[in-house]
Structures are given as structure tokens and as C-alpha cells.
Amino acid sequence: MGDRSCGRRGSAVSTSKFDAIVVGTGPAGATVARDLASAGHRVLILEWGDEAPVTGTLEQTMEQLMSPGRGAFAVDGVMLLRGVTVGGSSIYYYGTATNPPFDLFDRYAVDLRSDVASVREELPVAELREDLIGPKATQIQTAAQRLGLDWRPLEKLIYQDRCESSVPMGFYSAPAYEAKWNARMWVDEAVTLGAELRTGAFVSAVECRDGRATGVVYDAGSGTEVAHADIVVVSAGGVGTARILQASGVGGAGEAFFHDPLVIVSGVVPGLVAPPDIPMSAGTHFDDEGFMLTDLCTPAENLAVLAAGAGVDPSRYPSESTLQIMVKIRDDLAGSIGSNDITKKLTAADVERLENGCAIAEGILREAGATDIFRGGISAAHPGGSVRIGESVNANLETSIEGLYACDASVIPEPWGLPPTITCMALGRRLARHLSGGADRR
Ligand SMILES: Cc1cc2nc3c(=O)[nH]c(=O)nc-3n(C[C@H](O)[C@H](O)[C@H](O)COP(=O)(O)OP(=O)(O)OC[C@H]3O[C@@H](n4cnc5c(N)ncnc54)[C@H](O)[C@@H]3O)c2cc1C
């Protein structure tokens, strides 16, 4: 391959050279950056979003998670969401910790066991204390268990000693910033260890020469710039990484993906007056059937939008009396992520999984005493599988361009359906170790 600029545009200003550039600060990017900095590498982190303090307000959520074409995408009837801010989607996630299916990764010569164990050791992973599981989640759990379901508390990434007995809630029902582990915490540590963070930096493509990565092209608001390094790790999430690699000439990037579509089923319990719960306190996984069910207490604003979207009167669903269950499925790999559009029609099997999960959720809500049950629209918050191991990257997460790696939910090689954060972090730890010649973090 001769000299070429992969997607370089406009006139560029060069900046000094780093050992490694990490693009994106979600759970995967934050882990790679922190571990590389800890191993003594000179790391530049480029992040499109900003690092304004997390307020949990509707206004900030609209800007970082729900602004069309940036955080939110209408994908053939599914509202796909991602967080664009330092910390990525983990600023808005529900903090549920799930291990990857190790045998799935084994099929691609990727053994994640020791890396999962090692990231978990550094994280506040535990089921919620009894006093932090709210009355609504308990009512749902009791009903599900009465129906014979294996409904149990889920492990959470929450510093429970930082939760007040009445858990402070931001929009999207997240516990307060300090109480919920999020990737911004590890970005801060990477910076303390010497990494440089540039925010508001939108990366469009990777530069390469003679088949090797040499840096990235980005726009920081004042024109196009180029940052140089021999190692480039793209961790811009399931949508962002596919787009950047596509613009850089990596084959297969963005051709088919999953997003784990979900439906929230809600019903009102006459006379119930209960405070908000931590979402996803407990649940159950129907692995063979391809769906997972959990309690999901959404904020009042969200509940009103769900009700209005389903054509029911929002005033009949006061937040303190409404029980909600999330049905999330493992969807087939399909569709495509292009530079300007995203398409993905649900398959007949996807629709059947959603239908089966919703029917069980409705049964649980009825058993819990809920009436006037309705299903919300379909949304999704786990874009991934768009730059798959074995197709666009090898088992070391390297692309066909030497020195160019992808590391985040996009490399998950098969349909998924699980909370991916721990997996993204384990992949990040494994890659940082590989790039450091096998050395462990200091
Ligand atoms: C409401 C909600 C609830 C969730 N709940 C859970 C949960 O309970 N448990 C769980 O495990 N997961 C949950 N998730 C999913 C989880 O947050 C994501 O799967 C995880 O954050 C993915 O990590 P990532 O590293 O792949 O990328 P992301 O978190 O998407 O981070 C990618 C980063 O790259 C940046 N970026 C994108 N494009 C560019 C570009 N061109 N240039 C520079 N930077 C760019 C973005 O701003 C972002 O910071 C939830 C998500 C949402 C939205």
C-alpha cells in the first residue's frame, strides 16, 4: 500500500507525536487509556463530547444522549441511544454488571476470564444491599418468583456506601454521579497518570502510510488537525468506531450490527405510593429464548413520554404507582451503519423474541397487582457487533492497517443481548496488556 491519507479532509495542522492515541472515553477507551498510561505510555485521548459536570438534568440528557444524529438515531422504528460526553454511555447507563459469555469469545481465540476477574477486582461489583432495593422492584420480584421465575438481584457497579438511604436520582434514574461507577472516573485517573485529554475533538478518520497507522484526523472546532502516534485505538462505540474505520478503509466496518432492542412494559397499581428505585435491581435471563427481563423504574418525564407514545393517558400513570419491566432481546446481526445513516429492520425472530418477553412481563405485572398495562415503543442502547472480531479485526483487535486497533462494543463478534460494560473493560485491559508487550499495569 502506498502513501495515503485515510479520509483526511481540509488543511491540517500537525501536533506532536504520542505513543498511542485512544479515540473515545466510554468503558473500553477509558480502560485502554488508563492502563496504557499506567504502563508508562505517552497517551493522547480524543473525545468528541465535553466534560461538563454531570447534573442528571433533563436538559443535559437531551444534549448528550438524545440529540438527533449525535446521541439518538431513529433506526427503522427503533430509537437508538448513545452518550456523547466524557465517559460515553456509562454516564447514563444503569450500572448493571454482567460477565461476558466466555465460550462465545473462546470461539475467536479470545480468553477474557483473567481480564474480567482483574477489572472486577477494581470495581464496586455487588448485588444491591437489601435497603437499596426499593418497594417497586421488590413487588415485581415477589410476583415473578410466585410465577416460578428465577428472578434474583443483579450485580451492580455502584459504590453502595455512597448511596443515601433515599438514593439521589438523576434523569434516567441513575444514582448520583459519585455513587455509580462510570468511565469518566477512569479517564480522570488516566489523566492523573499523565495522559492528555482533548475534548470536543471529533475524529473522522485514521491516517496511514505504507499500510501502517500514523495518526488521526480530527476537528476540534477550530479546523482540522492531525495527531500522530504509531498506535491508534478506536473506542468510539458501536456506531462511532464503525464510521471511523469505514472512513479509514477497513473492510466490513459497519456491515451488520446489533443494538439489543428493548421495550418497557408498564402498569399502574391502584393505591401504591412508592419512591423511585435503582433501575435493574433484579431480573432474569432467558438465555435460550434470547431475552432478559428486569425491573426498570424510569423517571416521571420518561414515563409520561412512554405513555403518550403508546396512546394512553399519561395522567393515569403517576410515577409512584407505576411498575415497569424492561424486556431486552438479543437481536440478529443485520442492517448497516453508514457515514450519514443507520438502517436495521428487526427480523421476524427479533419480533418474536420481543413478543414472548413482553407477554411474560405483562403476566408478572398482573401478578403484582398492576392494571392498565401498556407497552412502550422500542428503543435500544447497546450498539455493537459492527466491527467484529474474526472479520474486521483479529483476535488482538488489530485491523488490516498495522497499528490500528478497535476496542469497544463494536468488536463483539456475535449477537449479544447482555449489558456489555464489563466486557468492554476486559477487552480494553487485554488490549493494553498486548500493546505493552504483555506487561501488567504497574
Ligand atoms: C440508558 C442506558 C442504560 C444502560 N445500562 C447499562 C447497564 O446497566 N449495564 C451495562 O453494562 N451497559 C449498559 N448500557 C450500555 C453501556 O453504557 C454501553 O454498552 C457502554 O458504554 C459501551 O462502551 P463503549 O466503550 O463501547 O462505548 P461508549 O460508551 O459508547 O463510548 C464511546 C465514546 O466515543 C465517543 N465518540 C463517538 N464518536 C466519536 C468520534 N467520531 N470522535 C471522538 N469521540 C467519539 C463518544 O462520545 C463516547 O464518549 C446502557 C446504556 C444506556 C444508554
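Bear in mind the structure is a predicted one, so any value in this text is a computation, not a measurement.

A. Main features of unusual backbone geometry. The phi angle at Ala256 is positive, at roughly 75°, despite the residue not being glycine. As for its placement among the helices and strands, Ala256 is situated in strand β13 (residues 255-257). By relative accessible area, which is 15% here, Ala256 ends up buried. The residue Met280 is not glycine, and still its phi comes out positive at about 60°.

B. Spotlight on the site of the ligand. Inspection of the region around the ligand gives 38 residues, with Glu47, Tyr94, Thr96, Val203 and Thr421 positioned closest. At a separation of 3.0 Å, an oxygen atom of the ligand approaches a polar backbone atom of Thr85. Tyr94 is positioned such that a nitrogen or oxygen atom in its backbone is 2.9 Å from a nitrogen atom of the ligand. Relative to its unbound accessible surface of 1,000 Å², the ligand loses 96% to contact with the protein.

C. Looking closely at the sheet that holds β13. Pairing in this open sheet of 3 strands is antiparallel, and the strands run β13-β18-β19 from one edge to the other. Edge positions in the sheet fall to β13 and β19 (342-343), since each of these pairs with one other strand and no more. Examined bridge by bridge, β13 and strand β18 (residues 334-337) share 2 bridges and lie antiparallel to one another. In the sheet register, Phe257 faces β18, and the bridge partner there is Ala334. In this fold helix α7 (residues 237-247) packs onto β18 and β19, with an angle of close to 65° to the strand it touches most, β18.

D. Inspection of the domain arrangement of the protein chain at higher detail. Its domain assignment divides the protein chain into domain 1 (1-65 + 83-123 + 181-256 + 384-442) and domain 2 (128-156 + 165-170 + 261-380). For domain 1 versus domain 2, the separation of C-alpha centres amounts to 30 Å. Each partner contributes to the interface: domain 1 provides 25 residues, whereas domain 2 provides 25 residues. The junction of domain 1 with domain 2 conceals about 1,800 Å² of combined surface from both sides, 62% of it contributed by carbon and sulfur atoms. Of all residues in domain 1, the largest losses of buried area upon contact with domain 2 belong to Tyr94, Arg243 and Pro415, amounting jointly to 30% of the total for that side. At the junction of domain 1 and domain 2, the tally comes to 1 salt bridge.

E. Spatial organisation of helix α6 (residues 183-192). Inspection of α6 places Ala183, Arg184, Met185, Trp186, Val187 and Ala190 among the buried residues, and these make up the whole buried set. Looking at the buried residues of α6, the elements they touch are α1 (27-38), β3 (43-46), β9 (196-198) and α10 (421-435). Between the side-chain oxygen at the start of α6 and the backbone nitrogen of Arg184 there is a gap of 3.1 Å, and the oxygen is on Asn182. Looking one or two residues past α6, Gly194 carries a phi angle of roughly 115°, positive in sign.

How each quantity is defined
Residues numbered from 1 in each chain as written. Predicted model: local features only at pLDDT ≥ 70, side-chain atom pairs only at ≥ 80, totals over all residues. Heavy atoms only, no water. Helix = DSSP H or I, 4+ residues; strand = E, 2+ residues; numbered from the N terminus. Buried < 20%, exposed > 50% of the residue type's maximum accessible area, 1.4 Å probe, protein only. Near = heavy atom within 4 Å. Polar contact = N/O pair within 3.5 Å; in protein donor to acceptor, adjacent residues only side chain to side chain. Areas by Shrake-Rupley, 256 points an atom, 1.4 Å probe, with all protein chains shown as cover. Pairing = 2+ DSSP bridges. Contact = heavy atoms within 4.5 Å. Axes fitted to C-alpha atoms, helices over the stretch in contact; angles between N-to-C directions. Domains from an automatic or database assignment. Buried area = accessible area lost by both parts, 1.4 Å probe. Salt bridge = Lys/Arg side-chain N within 4 Å of Asp/Glu carboxyl O.

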